[in-house]
Amino acid sequence: MADSTKNKITVLMVGNPNVGKSALFNRMTGSNAVVSNYPGTTVDFTKGTLIEGRQEYEIIDVPGTYSLEPRDAAEEVAVRMLRDCPDAIVMIVFDATKIDRGLYIALEVMERGMPCIVAVNMMDAAHDKKITVDTAGLQRLLGVPVVATTATSGEGIRELAEQIRKAQVADLDAILKRLNGENTAKKQVSGCGGCGGC
Amino acid sequence: MVAVGGAEQMVLSSDAVLSSDARWEMVDRLTRQTVTYGTYKRTLGDVLGELTVKPLTGIPVAVAALFAFWSIFCSFAGALVTDGFMVKLFDAHWLPWLQSLWPDPASWHYFVFVGDPLADNCFEAFGVLTSGLFVSIGVVLPAILIFYLMMTVLEDSGYLPRLAVLVDSVLHRVGLHGYAIVPAILGLGCNVPAVTATRILETRKQRFIMMSLLAIFIPCGAQLGVMLEVIPDMVGMVFLCLIVGFCLFGYILNKVIPGENPEILVDVPPYHWPVKENVAKKLCNRTKGFLKEAVPFVLFGVLVVNLLYLGGVIQALAAFFEPLFVTWFGVPKETVGPLIAAFLRKDLAIAQLSVIPMTAYQMFASVVLISIYFPCVATFVVMLREGWKELIAALAVLFVVVFAYGGLIHAIGILLGVA
């Protein structure tokens, strides 16, 4: 722990366009990334620093992308960032009203074997639309930390920052088994032994 | 179910291990277990959202919104702040004070910093501390303040993607798709972020067309602010000229350049009330950016132009380019000075035009020429960052356009008997 305070850990914020990555990023790092209400506001990456529990994180706000097969130059930036930072933790940001789209890119990221954490953002909008998201259930199924946030009001940001260090490499096989109702809790513990992420 | 690649967790290659279908099936099962949808009542926002995206109701709304945007811009920046306050402050107090204070009106430093000792307004004096400060603080600052305030509202409310859907069919004719309206509107504020924003366009062809048209035909907020002061009656005509040029050359580029112009799927977000803090923050950052980067550039621009005048460089260039300027473009040879300034800052160039004695038509033609001529140096640098091949090609397009369109406007002027 003592020497890990010296090393910065890179955290890439990845997700669909217009889910509030930049707003979350500003909240966590106190930066001034431009935030708007249209897809494609962020077309280049922005870096910021977050210090949480004596660990310094370099948070990178990455342009939004619908998948990891880029359609345009902004999405190419996102895919390139993932490729160039193989040791990074990936913070996957969801729009709580469009969980399915977020999950799609989450699975793509998880397939790459990078440690992940999920932020289910825009919980206020989901609440207004009478959509409920079982974040605890999602966390159990995915086997990575899942935190509910509302970037505009700042709700859940504290917890999200605290949970970054618990980011996990997701095991797709185990996710499938859990979806089929199998209990993989024991396997999870054994799978956790070597990762050193905790 | 497609098999998942064993128990290997460390798949570091970029090749996906799941097929897209398998992934969607997993997504489906995950959401079924974790997301529940309650009964949702449509809100006023949803109704407005639909009305503003359907052509029948959306187009009138779009016209009204853009017209309101423009009217507020003109009345606030032009009439209220600049004419009502800044002109009085600078012409009645700042200029006479400097003229009385600065020693030796015949010296070179008086010429560079204060300018013409006989000038009675800050446009004509053309010194670093007179016109330089007046243009940047008195004219451009209020213009970009109000422009960015309104643009932030457009951005944060969620109206831009709807506008994109509405203009999609028109922009398809010039080789772009509706989403190109986003860099276009950003460009009306400043071309620099707009060039980077072309990354949201899908193909290289679209990006190239947009970048070229942006650099050539879209005037920035600073330039608009000065145009409102210098040629308030002709701004509409200049705009029309630029829009016609945008469409004409977009149409040609679309035919000439190989590549695709695919249809788009626009993700239209629900309307939001702009968050006050976010609006304030953006406005503050953009204004700070202007004060830190643009103002020194304007002052530096005046300095360079004045030194070039003192060194006789501009007079020599004017004599050299006289045939081209007078016979081809139909503007006075002195326009060379502003054209040099235009490379640094276009707002400055337009301000400089006001000093040159010429007819209304010549004024109009030179303003258009300055708009479509070379992008300012800041835009040039970001274009270079997006790719040097594209930049060179865009410059080639630019030369052709300046000559062709500049000549065309002169020809029309001659036919109408005004040139």
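Residues numbered from 1 in each chain as written. Chains lettered and ligands numbered in written order. Predicted model: local features only at pLDDT ≥ 70, side-chain atom pairs only at ≥ 80, totals over all residues. Heavy atoms only, no water.

Novice: How would you explain the overall build of chain B if you had to name every residue and give the values?
Specialist: A tally of regular secondary structure across chain B gives 19 helices and 1 strand. The C-alpha extent of chain B, read off along each of the three principal axes, is 85 × 50 × 45 Å. In chain B, which comprises 419 residues, the share counted as buried stands at 51%. Counted over contacts in chain B with a minimum sequence separation of 6, partners at least 24 positions apart contribute 73%. (Helix = DSSP H or I, 4+ residues; strand = E, 2+ residues; numbered from the N terminus. Buried < 20%, exposed > 50% of the residue type's maximum accessible area, 1.4 Å probe, protein only. Contact = heavy atoms within 4.5 Å.)

Novice: Go over the environment of A:Ile157 with me, naming the residues and quoting the values.
Specialist: All names here are of chain A. Checked against the element boundaries, Ile157 lands in helix α6 (residues 157–163). Sequence separation between Ile157 and Val34 is 123 residues; the distance between their C-alpha atoms is 18 Å. Ignoring anything within four residues of it in the chain, the contact list for Ile157 reads Leu24, Arg27, Met28, Thr149 and Ala151.

Novice: Mind laying out a nonpolar patch on the surface, listing which residues take part and the relevant values?
Specialist: Residues and elements named next belong to chain B. A cluster of nonpolar residues, Met237, Leu240, Val244, Leu248, Tyr251, Ile252, Val256, Leu408, Ile412, Leu416 and Val418, forms a patch on the protein surface that exposes about 1,000 Å² of accessible area. Counting only elements with at least two residues in the nonpolar patch, the list comes to α12 (235–256) and α19 (388–416). Structurally, Ile252 is set in helix α12. Classification of Ile252 as partly exposed rests on a relative accessible area of 38%. (Patch = residues over 30% accessible without salt bridge, like charges linked within 9 Å, V, L, I, M, F, W, Y side chains within 5 Å. Areas by Shrake-Rupley, 256 points an atom, 1.4 Å probe, with all protein chains shown as cover. Salt bridge = Lys/Arg side-chain N within 4 Å of Asp/Glu carboxyl O.)

Novice: Which residues make up the side chain of B:Asp267, and what are the values?
Specialist: Take B:Asp267: it is sitting in the loop between α12 and α13 (276–310). A distance of 3.1 Å separates the side chain of B:Asp267 from the side chain of A:Tyr66, its partner in a polar contact. At 2.8 Å, the side chain of B:Asp267 forms a polar contact with the side chain of A:Arg101. When neighbours within four sequence positions are excluded, B:Asp267 is seen to be in contact with A:Pro39, A:Tyr66, A:Lys98, A:Arg101 and B:Pro161. (Polar contact = N/O pair within 3.5 Å; in protein donor to acceptor, adjacent residues only side chain to side chain.)

Novice: Please provide a residue-by-residue account of the interface of chain B and chain A, values included.
Specialist: Facing the 57 residues of chain B at the interface are 53 residues of chain A. Summed over both partners, the interface of chain B with chain A comes to about 4,700 Å²; 57% of that surface belongs to carbon and sulfur atoms. Its largest share of buried area at the contact with chain A, chain B owes to B:Leu30, B:Arg199 and B:Asp267, together 14% of the area lost on that side. Put simply, chain B and chain A have 6 salt bridges between them. Linking B:Arg23 and A:Glu111 is a salt bridge whose minimum nitrogen-to-oxygen distance equals 2.8 Å. Put simply, chain B and chain A have 23 residue pairs in polar contact (both at pLDDT 80 or more) between them. Mapped by element, the contributors of at least two residues to the side of chain B that touches chain A are α1 (20–34), β1 (35–37), α6 (128–157), α7 (159–172), α8 (181–189), α9 (191–197) and α13 of chain B. Broken down by element, the residue count for the side of chain B that touches chain A peaks at 10 residues, all from α1(B). (Buried area = accessible area lost by both parts, 1.4 Å probe.)

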